[in-house]
Amino acid sequence: RAMAFDEAIKEFWKESPNGTVVNFAEGLETQRFRLQEYMAEDALWISIDLPDGMAAREKFIQPDEKHLHLGVSVLNVGAWMSLVPRDKPVFFTAQALFAYLEEDENKYLFQQMAEHFPG
């Protein structure tokens, strides 16, 4: 599964080198390190996870100017959507999150993403 997600992001960056990756519920995933050589200087990686999950992540993986960490629920769209650049392509990824959300929560999240990031 990790390889499939890695390949999808590599393809995204081939087409949109300065694009933003928004990774939901990343936990202790080390994907950003595997893809570091493919990330352009002006690209951005935003990790969004619940506060406890982000606190655990930051014990091992630190944010920096190209890798932002937000300890909020993905459903709290007001807390993170404004931080995603609107002038660059965006790739949303979530390797397991959607199975843990209720149907109405998934619907809400996808509706918000479609409304704020059309195309």
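This text goes with the structure placed above it.
Please read all numbers here as calculations on a predicted model, not as lab measurements.

K.L.:
Could you give me a rundown of the environment of His-116, with the residues and numbers involved?
P.N.:
In this fold, His-116 is placed in helix H5 (residues 103-116). Under the relative-accessibility criterion, His-116 is labelled partly exposed at 28%. In this structure the C-alpha to C-alpha distance between His-116 and Val-90, which are 26 residues apart in sequence, comes to 11 Å. From its side chain, His-116 meets the backbone oxygen of Gln-112 in a polar contact 2.9 Å long.

K.L.:
Give a description of the packing of aromatic side chains that names residues and reports values.
P.N.:
Per the counting criterion, the structure on display carries seven aromatic pairs. Relative to Trp-80, the ring of Phe-24 lies with its centre 5.3 Å away and its plane at 70°, an arrangement referred to as edge-to-face. Taken together, the residues span a long stretch of sequence, with Phe-24 in strand S1 (residues 20-24) and Trp-80 in helix H4 (residues 77-80) at a distance of 56 residues. Assigned by exposure class, Phe-24 and Trp-80 land together as buried. On the basis of an interplanar angle of 65° and a centroid distance of 5.4 Å, the ring pair of Phe-92 and Phe-117 is categorised as edge-to-face. You can see Phe-92 sitting in strand S4 (residues 90-93) and its partner Phe-117 sitting in the segment after H5, a full 25 residues away along the chain. By the ring-pair criterion, three or more aromatic residues cluster together here, those being Phe-24, Trp-80, Phe-92 and Phe-117.

K.L.:
Explain the side chain of Asn-106 residue by residue, including any values.
P.N.:
If you trace the backbone, Asn-106 turns up in helix H5. Those residues in contact with Asn-106, other than ones at most four positions away along the chain, are Phe-98 and Leu-101.

K.L.:
Quick one: what's the story with unusual backbone geometry, residue by residue and with numbers?
P.N.:
We note that Ala-25 has phi near 55°; this positive angle belongs to a residue other than glycine. The topology assignment puts Ala-25 in the loop between S1 and helix H2 (31-34). A relative accessible area of 35% places Ala-25 in the partly exposed class.

K.L.:
Residue-level account of the nonpolar core, with values.
P.N.:
Among the nonpolar cores identified, the biggest contains 18 residues, and Val-22, Phe-24, Ile-46, Ile-48, Trp-80 and Leu-109 are the most heavily contacted of them. Secondary structure elements with two or more residues in this core: S1, strand S2 (44-49), H4 and H5. With three residues, S2 is the single largest residue contributor to this core. Sequence-distant contacts of Ile-48, that is, excluding residues within four places in its chain, are made with Val-22, Asn-23, Phe-24, Ala-25, Glu-26, Met-54, Leu-70, Val-72, Ser-73, Val-74 and Trp-80.

Rules used throughout
- Residues numbered from 1 in each chain as written.
- Predicted model: local features only at pLDDT ≥ 70, side-chain atom pairs only at ≥ 80, totals over all residues.
- Heavy atoms only, no water.
- Helix = DSSP H or I, 4+ residues; strand = E, 2+ residues; numbered from the N terminus.
- Buried < 20%, exposed > 50% of the residue type's maximum accessible area, 1.4 Å probe, protein only.
- Polar contact = N/O pair within 3.5 Å; in protein donor to acceptor, adjacent residues only side chain to side chain.
- Phe/Tyr/Trp six-rings, centres within 6.5 Å; stacked < 30°, edge-to-face > 60°.
- Contact = heavy atoms within 4.5 Å.
- Core = buried A, V, L, I, M, F, W, Y, C linked by side-chain atoms within 4.5 Å.

So far we have only geometry, and geometry alone does not tell us how the molecule works.
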